[in-house]
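# Inside the fold
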4 protein chains.
Amino acid sequence: MAVQVSVCGPRECTEREWDHAYETGRLLAGRGAVVICGGYGGVMAAVAAGAGSAGGVVVGVLSAADRSAAGPDLTVALPTGLGQARNALIVNAADAVIVVGGSWGTLSELALAMRRGRVPVVQLGGWRVVDEEGRPPGGVLHAADPAEALRLTGLWE
Amino acid sequence: MAVQVSVCGPRECTEREWDHAYETGRLLAGRGAVVICGGYGGVMAAVAAGAGSAGGVVVGVLSAADRSAAGPDLTVALPTGLGQARNALIVNAADAVIVVGGSWGTLSELALAMRRGRVPVVQLGGWRVVDEEGRPPGGVLHAADPAEALRLTGLWE
Amino acid sequence: MAVQVSVCGPRECTEREWDHAYETGRLLAGRGAVVICGGYGGVMAAVAAGAGSAGGVVVGVLSAADRSAAGPDLTVALPTGLGQARNALIVNAADAVIVVGGSWGTLSELALAMRRGRVPVVQLGGWRVVDEEGRPPGGVLHAADPAEALRLTGLWE
Amino acid sequence: MAVQVSVCGPRECTEREWDHAYETGRLLAGRGAVVICGGYGGVMAAVAAGAGSAGGVVVGVLSAADRSAAGPDLTVALPTGLGQARNALIVNAADAVIVVGGSWGTLSELALAMRRGRVPVVQLGGWRVVDEEGRPPGGVLHAADPAEALRLTGLWE
C-alpha cells in the first residue's frame, strides 16, 4: 500500500501558506504518496490542487455529513458527519503529518498528532506551543520549506 | 468528482458472495466509480480485488486506529479508530449502497443507510427484515446479480 | 460504579411502545441502574420519563452537536455531533441493551449491539431479522413485557 | 436541564494541578453543575473526586470501548470507543470548558473548544499558544484559582 501523508492547515490562509501547501502536495504526489487533508478551502484546497497537478491521489476527510462543500481537486471525499472529531481520523491515517499555518482547528490536529505519537509531525510556519516554563514541549519538527518538510518526515531516506 | 458507491458485507462470506462482490467491484470501477468498503476480508476484500482488477480507486474505511489488518487491494486505507461507529461513515460517503450477504455488522450498515434515506440501497442476497406484522418495512431494493445491482442504483441511467 | 442499561427505540412510537419504554425506565431506575438512551422523543423520551419518575439517572447520547432538541427528563445530555455514528456509543455504554419497537435507526442499534456481542440484547416487540434461509440469526432475546426484559438481561439474578 | 461544565487535563499531573482540579469539581458540583471529564486518572480523577465529594453528577467520556480503566468516582462512564476523537465530544457537551494543566491531549481539547467557539474557555495554568508573530491568538481566559475559573465562565452571574 502507498505511503499516506496528512497535510493540515486553516481554511483561510495567506498566499505564502497557499504556496507552501500547493508545493507540499505536488512533491508528495511526485513521491507516490497518497495525500490526506480536510477537504475544504485554504491550505486544504492548496495541497489538493498541488497533489492533483502531479497526478496524485488526494482524500478529503470532511467534517460534514455530505460532500456539498468539498473542494474540486479531491480524488475521494469522505463526508464523515463527525464534525471536528474527524480531525482525529486525519491524524490516524498518516505515516507523517505536515502542518502548514495556524488556526484553532489546525492546532487541534497538531496536538492530536503529537498525542498519538507514532509518526513524525512537521510544521511549516504556524502557531507555537510553550509549556508553563515557556519552553516548547518538544517533538514537533520545524521546516523552512516544503522540500525540507518532506525530508524531515524521514519517509524517503 | 467521481461517483462513490459503498459496498458492504461480512468478513466471512460464501464463495457465491465473494463472486458477487468481486464482480460488483469490477463493474463499478469500469464505470469510473470510486468504491468504498470496510477494508478487511471477505466481501470487503472481494470488492476491493474486483475494483482493483479494473484499475479502480478503492477506499477502505477501517474500524481500527491503524492499517495493520487492512486488505492488500486498497488504494487508500483510512484507519478511523472509531470501531463500528465507522459503519456510519461508509454509508455517508455513498451515492448508492450495495449490500452483499449478511451479518450483524452488515445489517447495521444496511440499517444506517436506510435511516439516512438519501440514496438507493440495493441488496444482493443477505438477511431480510420484517416489521411486527411480518412485512418488510420497504425501501430496500433487491438484485439477483451485480449487473442488476448497478442498474438498480439508478446512477447510470 | 452503577450498572448501565441502554434502551433503544424509535422517535415515533405507538402508545403501547411508550408504555413499555416508560415502565422499563421506571423499573431500571428502581434497581439503581443508570439508563442510557438517544435523548430525543418517542421511546427515548418515554424511558427517560419513566426513569425520572423513579429518581434515576438518565443520559441522552444525542446525534446532534448541541442540546437544543434534547428531551426534558434527561439528567445529562451529551451532544456528540456524530450523527447516527452515535448509535455505536449507546451500545458500547451498556451492560445490557433493551430494544422497544422498530425503525431503521433502532435496527442499527440492535445490529451494533449484536455485532459487539458482549452483553445481553433483549427485544420488546419491534422488527425481526431472518437470514437467507428465513431463520432468525439467533442470539436476540425476546420479552413479552418490561419485567421480563429486565429478567432476561440477567443483571439481577 | 442542569448546566454542564467540561474539565480537561492530563492523565499525569502535578500536586498543584490535582488540587486545582479537585477544588474545581467541588465548586462546580456545589453550584449544581454536571461535570464532564475524560474519565481516567490525573486531572480527570481529581475533578471527579472533587465533584463526588459535593454529591455532584460526574460523567466520564472515555476514549476506550469499555469501562475497565474508568476512574472510581464517576456517576456514569461512557466508553465511546472513539479514541482521541472523543475529545470533541467532551467539548461539545459543555456550557463552559475549564482546562487544568497541559499535555498534547489536553491541548487538543483546548483547541477544539476554541475552534467550536460557542462557550467560554478558561485555563488554570497549562500550556500557552502563540501565533507566528509570537502573540497569543486570543480568546482563552486565564484564571489564577478555581473560584476565579468559575467566575470567568460567566455561568453564575
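The structure reproduced in this document is the subject of the present report. Because the structure is a prediction, the values reported are computed rather than measured.

Taken together, the contact between chain B and chain C spans 24 residues of the former and 24 residues of the latter. Taking both partners together, chain B and chain C bury about 2300 Å²; carbon and sulfur atoms supply 71% of that area. Those elements that provide at least two residues to the side of chain B that touches chain C are α3 (86-92), α4 (104-116) and β7 (128-130) of chain B. Among the elements that line the side of chain B that touches chain C, the one with the most residues is α4 of chain B, at eight residues. When its residues are assigned to classes, the side of chain B that touches chain C shows 12 nonpolar, seven polar and five charged.

All names here are of chain B. The geometry of helix α1 (residues 15-30) relative to helix α2 (residues 43-53) is characterised by a closest axis approach of 6 Å and an angle of 35° between their N-to-C directions. The element α1 and its partner α2 pack so that their crossing is right-handed. For the pair α1 and α2, the contacting residues are E17, W18, A21, Y22, G25, R26 and A29 in the first and V43, A45, A46, V47, A49, G50, A51 and S53 in the second. Grouping the amino acids of the contact of α1 with α2 by side-chain chemistry returns 10 nonpolar, three polar and two charged.

All names here are of chain B. Taken in spatial order, the seven strands make up an open sheet running β4-β3-β2-β1-β5-β6-β8, and their pairing is parallel. A strand with exactly one partner marks an edge of an open sheet, and here the two such strands are β4 (76-79) and β8 (141-143). Put simply, the sheet's adjacent strands are angled 25° from each other on average, direction ignored. The sheet contact formed by strand β1 (residues 4-8) and strand β5 (residues 96-100) spans four bridges and is parallel. Residue pairing across strands places V7 opposite I98, the latter belonging to β5. Here α2 sits on the sheet and contacts β1, β2 (34-37), β3 (58-62) and β5; the angle it forms with β2, its principal contact strand, is near 165°. Packing against the sheet, α4 makes contact with β1, β5 and β6 (121-124), and its axis sits at approximately 150° to β6.

Before going further, it helps to spend a moment on the relation of the copies chain B and chain C. Superposition record for chain B on chain C: RMSD 0.0 Å, screw rotation 180°, translation along axis 0.0 Å. The superposition operator between the copies reduces to a two-fold rotation axis.

Moving on, we come to the side chain of S63 of chain B. By the element assignment, S63 of chain B lies in the loop between β3 and β4. S63 of chain B has contacts with Y40, T80, G81, L82, G83, Q84 and R86 of chain B, leaving out every residue within four places of it along the chain.

Take the packing of aromatic side chains next. Inspection of the entire model under this criterion finds four aromatic pairs over all chains. On the numbers, 5.0 Å between centres and 85° between planes, the contact of W104 of chain C with W127 of chain C is edge-to-face. Linking W104 of chain C in helix α4 (residues 104-116) with W127 of chain C in the loop between β6 (121-124) and β7 (128-130), this pair joins segments that are 23 residues apart in sequence. One cation-aromatic arrangement involves R11 of chain B over Y40 of chain B; the distance from NZ or CZ to the ring centre is 4.6 Å.

This part takes up the sheet that holds strand β1 (residues 4-8) of chain D. One key point about sheets: their strands pair by backbone hydrogen bonds, in either a parallel or an antiparallel sense. All names here are of chain D. What the seven strands build is an open sheet, ordered β4-β3-β2-β1-β5-β6-β8; its pairing is parallel. In this open sheet, the two edge strands, each paired with only one partner strand, are β4 (76-79) and β8 (141-143). For this sheet the average axis-to-axis angle between neighbouring strands, irrespective of direction, equals 25°. Bridge count between strand β5 (residues 96-100) and strand β6 (residues 121-124): four bridges; the pairing is parallel. When the bridges of β6 are listed, I98 appears paired with V122. Contacting β1, β2 (34-37), β5 and β6, helix α1 (residues 15-30) runs over the sheet at an angle of about 155° to β5.

In this section: the pairing of strand β1 (residues 4-8) of chain A. All names here are of chain A. Counting buried residues along β1, five of its five residues qualify, which places the element largely inside the surrounding structure. The pairing of β1 with strand β2 (residues 34-37) spans three bridges and is classified as parallel. Its bridge partner being in β2, S6 is matched across the sheet by I36. In the classification by handedness, the crossover that spans β1, the intervening helix α1 (residues 15-30) and the parallel β2 is right-handed.

Residue and element names in this part refer to chain A. Mapped onto the elements of the fold, T24 is located in helix α1. Given the relative accessible area of 0%, T24 is considered buried. Excluding anything up to four places from it in sequence, T24 contacts V7, I98, L124, P146 and L150.

Turning our eyes to something else, we now look at the layout of surface pockets. All names here are of chain A. Of the pockets and cavities examined, the largest pocket occupies roughly 370 Å³. For the lining of the largest pocket, the secondary-structure elements that each account for two or more residues are α3 (86-92) and α4 (104-116). Within the lining of the largest pocket, the residues separate by chemical class into seven nonpolar, seven polar and three charged.

Moving on to the interface of chain A and chain B. At the interface, 29 residues of chain A touch 29 residues of chain B. Of the roughly 2100 Å² buried where chain A meets chain B, counting both sides, 59% is carbon and sulfur surface. Its largest share of buried area at the contact with chain B, chain A owes to M1, R67 and L78 of chain A, together 28% of the area lost on that side. For R67 of chain B, the salt bridge goes to D95 of chain A, with nearest N and O atoms at 2.5 Å. Our count for the chain A to chain B interface comes out at six residue pairs in polar contact (both at pLDDT 80 or more). For the side of chain A that touches chain B, the element with the highest residue contribution is strand β4 (residues 76-79) of chain A, accounting for four residues. Across the side of chain A that touches chain B, the residue classes break down as 18 nonpolar, six polar and five charged.

What counts and what doesn't
Residues numbered from 1 in each chain as written. Chains lettered and ligands numbered in written order. Predicted model: local features only at pLDDT ≥ 70, side-chain atom pairs only at ≥ 80, totals over all residues. Heavy atoms only, no water. Contact = heavy atoms within 4.5 Å. Buried area = accessible area lost by both parts, 1.4 Å probe. Helix = DSSP H or I, 4+ residues; strand = E, 2+ residues; numbered from the N terminus. Nonpolar A, V, L, I, M, F, W, Y, C, P; charged D, E, K, R; others polar. Axes fitted to C-alpha atoms, helices over the stretch in contact; angles between N-to-C directions. Left-handed = near helix turned anticlockwise from the far one by under 90°. Pairing = 2+ DSSP bridges. Least-squares fit on C-alpha atoms with pLDDT ≥ 70 in both. Phe/Tyr/Trp six-rings, centres within 6.5 Å; stacked < 30°, edge-to-face > 60°. Lys NZ or Arg CZ within 6 Å of the ring centre and 35° of its normal. Buried < 20%, exposed > 50% of the residue type's maximum accessible area, 1.4 Å probe, protein only. Right-handed = clockwise from strand over helix to strand, strands pointing away. 1 Å grid on protein atoms, 1.4 Å probe; cavity = no way out; pocket = protein on both sides within 12 Å on 5 of 7 lines; lining within 4 Å. Points joined across faces, edges and corners; volume = space filled by probe spheres on them. Salt bridge = Lys/Arg side-chain N within 4 Å of Asp/Glu carboxyl O. Polar contact = N/O pair within 3.5 Å; in protein donor to acceptor, adjacent residues only side chain to side chain.

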